[in-house]
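Single-letter residue listing:
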Amino acid sequence: MWIDTHCHLDAPEFDADRPEVIARARAAGVAMQVIPAVMPSLFDSARRAAQEANGAYALGTHPLYVHAAGDDPVARLGEALAQHGQDPRLVAVGEIGLDHFVPALQDKCSRKRQESLYAQQLELAVEHGLPVILHVRRSADLLLKHLRLQRARGRPVRGGIAHAFNGSLQQAHAFLDLGFCLGFGGAMTFDRAHQIRRLAAALPADAIVLETDAPDIPPHWLYRTAAERAAGLRSRNEPAELPAMAAVLAALRGWSLEQVKWHTTRNAQRVLPRLLLLGAPG
């Protein structure tokens, strides 16, 4: 069975048919979805979606929501981790990280707030013994800097997943050395995504996990052009697409689908060990 290590199943795009989305995922063999929250006001919705899907969740504030999360996102995360810390469905702190791409978040104040929030959420992950799920968008080096600082202080982060990774091979190995896996999904399915596809083909077998980022990052077969989007056409990714993405990874690596399933399932269970408590297939 497959594990979707990054799926925003609580997003409003799924409000009209979430049970059907979950049923399609199960029919496709996707037995587990990990649902990362994006800010404190949505912590409960991530938990509820994980319960509905018999899946897992993570809690944290995403860098894109740094100004929408209120004045106390770190305190609210700390409270939530204390309240739900023994819940086996809570598998990580996330989605946290840095976004150095979105123009509205590149002013000095926004970057400083992103970095401070990231560093404080890493501290909470260490305090509660949880891995992290990282948003990495033109920000790998600074993310790695803070992970190394934690290690230098004798308080290392317990690894996790660098979601939607699109950095260099050197950066990839730096994350691997710190106990992370790298997430691959829809972007890998595009022929023009040369760097991502090279990484997917060349990284060690124990480096890769699969993810959809549903409803976002659609694979090429769901992609809408700018003209189509302007005309009102939309694409919605969902976890049932994961096996088709896995087939792309199999072709890139020269593996069978069973090999992809075997490696990516075990990698996910290694970096998010509470998945084993949920009976995720082994």
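Our structure's up above, just so we're on the same page.
To start, this report covers the structure provided alongside it. (Residues numbered from 1 in each chain as written. Predicted model: local features only at pLDDT ≥ 70, side-chain atom pairs only at ≥ 80, totals over all residues. Heavy atoms only, no water.)

**Some details on the overall build of the chain**
Here is step 1: Along the backbone of the chain there are 10 helices and 8 strands.
Here is step 2: The C-alpha radius of gyration computed for the chain amounts to 18 Å, which stays within 12% of the reference 19 Å derived for 282 residues, consistent with globular compactness.
Here is step 3: Dimensions of the chain, computed from C-alpha atoms along their principal axes, come out at roughly 45 × 40 × 40 Å.
Here is step 4: Looking at the 282 residues of the chain, the share that counts as buried comes to 55%.
Here is step 5: The contacts of the chain with a sequence gap of at least 6 include a subset with a gap of at least 24, amounting to 74%.
Here is step 6: Carbon and sulfur atoms form 52% of the exposed surface of the chain, whose accessible area is close to 12100 Å². (Helix = DSSP H or I, 4+ residues; strand = E, 2+ residues; numbered from the N terminus. Rg over C-alpha atoms; globule rule 2.2 N^0.38 Å. Buried < 20%, exposed > 50% of the residue type's maximum accessible area, 1.4 Å probe, protein only. Contact = heavy atoms within 4.5 Å. Areas by Shrake-Rupley, 256 points an atom, 1.4 Å probe, with all protein chains shown as cover.)

**Some words on the environment of A37**
Here is step 1: With respect to the helices, strands and loops of the structure, A37 is situated in the loop between strand 2 (30–36) and helix 2 (43–53).
Here is step 2: The class of A37 is buried, set by a relative accessible area of 0%.
Here is step 3: Placed 22 residues apart in sequence, A37 and L59 show a C-alpha to C-alpha distance of 5.1 Å.
Here is step 4: Contacts of A37, omitting those with residues within four sequence positions, involve L42, F43, A46, A58, L59, G60, G94 and E95.

**Here's the deal with the sheet that holds strand 7 (residues 180–184)**
Here is step 1: Reading across from one edge, 1-2-3-4-5-6-7-8 is the order of the 8 strands in this open sheet, with parallel pairing throughout. Single-partner strands in this sheet number two, and they are strand 1 (2–4) and strand 8 (208–210). Strand-to-strand, the axes of this sheet are offset by a mean angle of 30°, without reference to chain direction.
Here is step 2: Sheet topology note: the strand 3 (residues 56–59)/strand 4 (residues 90–99) ladder contains 3 bridges and is parallel. Bridging from a neighbouring strand, Y57 pairs with L90 of strand 4.
Here is step 3: The strands that helix 2 touches are strand 2 and strand 3; relative to strand 3, the one it contacts most, it runs at about 170°. (Pairing = 2+ DSSP bridges. Axes fitted to C-alpha atoms, helices over the stretch in contact; angles between N-to-C directions.)

**Remarks on the packing of aromatic side chains**
Here is step 1: Applying the stated rule across the entire model yields 3 aromatic pairs.
Here is step 2: Ring centres 5.8 Å apart and planes at 70° place the aromatic pair F175 and F180 in the edge-to-face group.
Here is step 3: Relative accessible area serves as the criterion here: at 2%, F180 is assigned to the buried category.
Here is step 4: Ring plane angle 90° and centroid distance 5.6 Å describe the contact between F190 and Y223, whose orientation is recorded as edge-to-face. (Phe/Tyr/Trp six-rings, centres within 6.5 Å; stacked < 30°, edge-to-face > 60°.)

**Quick notes on helix 7 (residues 194–202)**
Here is step 1: Turning to helix 7, its buried residues number three or more, namely I196, R197, L199 and A200. The buried residues of helix 7 occupy an angular sector of 160° when the element is viewed end-on, so they sit on one face. Residues of helix 7 that are exposed and point over 90 degrees away from its buried face: R198 and A202.
Here is step 2: Residues of helix 7 that are buried in the fold lie against helix 6 (169–177), strand 7, strand 8 and helix 9 (242–253). (Arc of directions from axis to C-beta.)

**Remarks on unusual backbone geometry**
Here is step 1: With an omega dihedral of 10°, the bond running from G94 to E95 counts as a cis peptide bond.
Here is step 2: Looking at where E95 falls in the secondary structure, it is placed in strand 4.
Here is step 3: Residues A214 and P215 are joined by a peptide bond in cis, for which omega reads 10°.
Here is step 4: Among the structural elements, P215 can be located in the loop between strand 8 and helix 8 (226–230).
Here is step 5: Within the chain, I217 stands out as a residue other than glycine whose phi angle is a positive 45°.
Here is step 6: Secondary-structure assignment places I217 in the loop between strand 8 and helix 8.

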